[in-house]
Structures are given as C-alpha cells and as structure tokens.
Amino acid sequence: MDMKQITIKVFGGEQKCASCVNLPSSKETAEWLEAAISRKYPDQLFTIEYIDIFSSVEGENQKFAHQIVEEDLFYPVVVINDEIVAEGNPRLKDIYAIMELNGYKDAG
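Note that the coordinates shown come from a computational prediction; the quantities given were computed from them, not determined experimentally.

*Asks:* Before we move on, can you summarise the pattern of salt bridges with the specific residues and values?
*Replies:* Tallied over the full model, the rule gives two salt bridges. The residue K40 makes a salt bridge to D106 at a minimum N-O spacing of 2.6 Å. You can see K40 sitting in helix α1 (residues 26-40) and its partner D106 sitting in the segment after α3 (92-101), a full 66 residues away along the chain. For D106, a relative accessible area of 41% corresponds to the partly exposed category. Between K63 and E60 there is a salt bridge, and its shortest N-O distance comes to 3.1 Å. In this pair, K63 and E60 both sit in helix α2 (residues 59-70), three residues apart, roughly one turn of the helix. By relative accessible area, which is 47% here, K63 ends up partly exposed.

Calculation rules
Residues numbered from 1 in each chain as written. Predicted model: local features only at pLDDT ≥ 70, side-chain atom pairs only at ≥ 80, totals over all residues. Heavy atoms only, no water. Salt bridge = Lys/Arg side-chain N within 4 Å of Asp/Glu carboxyl O. Helix = DSSP H or I, 4+ residues; strand = E, 2+ residues; numbered from the N terminus. Buried < 20%, exposed > 50% of the residue type's maximum accessible area, 1.4 Å probe, protein only.

Here you go:
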C-alpha cells in the first residue's frame, strides 16, 4: 500500500481550557506529537500544523476553530484528514493507528 503523506493539525490556544490546567499546552502537545511520531516513523514524511483558535484562522481551519469554540471542545483538538481524532489529551496509540491506515510503517 502506498503511503499517503498526512498533515496532523493541532488546534488550541495559548490559554489552557479550564479542565486542562494540568496538561501540557496545545503548542507543547504539537511539539510532543511531532517528536513521538518522528521516532516511530523515521524518514516518513508528515506535517504537524499548530493552529491557534483565537488568532485569525482562515479556510478549512476556520471551520474547526469555530466548532471547537462553539461546542466547547477540550483542546488541543487533533485533526487528521479533516476528521477530529483526539480532544484534550491525545492518545498516541490512536494517532499511530490512523497513520498506519495511511501506509506508515512502524520502525520498531
């Protein structure tokens, strides 16, 4: 199966949501995901995008930013292939499963 390069979008804000006080910030979560995924799938290209939902967000990202605010979702919200896959504290296992469905191979 051919690998489809994916973009992982991490939506969040500088200010943590009230129930996320003890969790890392959305930006820290994006950096953590990038490091963890790079270790698991070395030399396999993917993109991590951090989107601040409280700044000027445009296009497709605006739809998700609006949904997060309107539905009071716990952020960070992780979006892959235009689908919300994690809310609050993302689970690597879930994200790895989606990556492998898209043709990524575990280096371990």
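Further notes follow.
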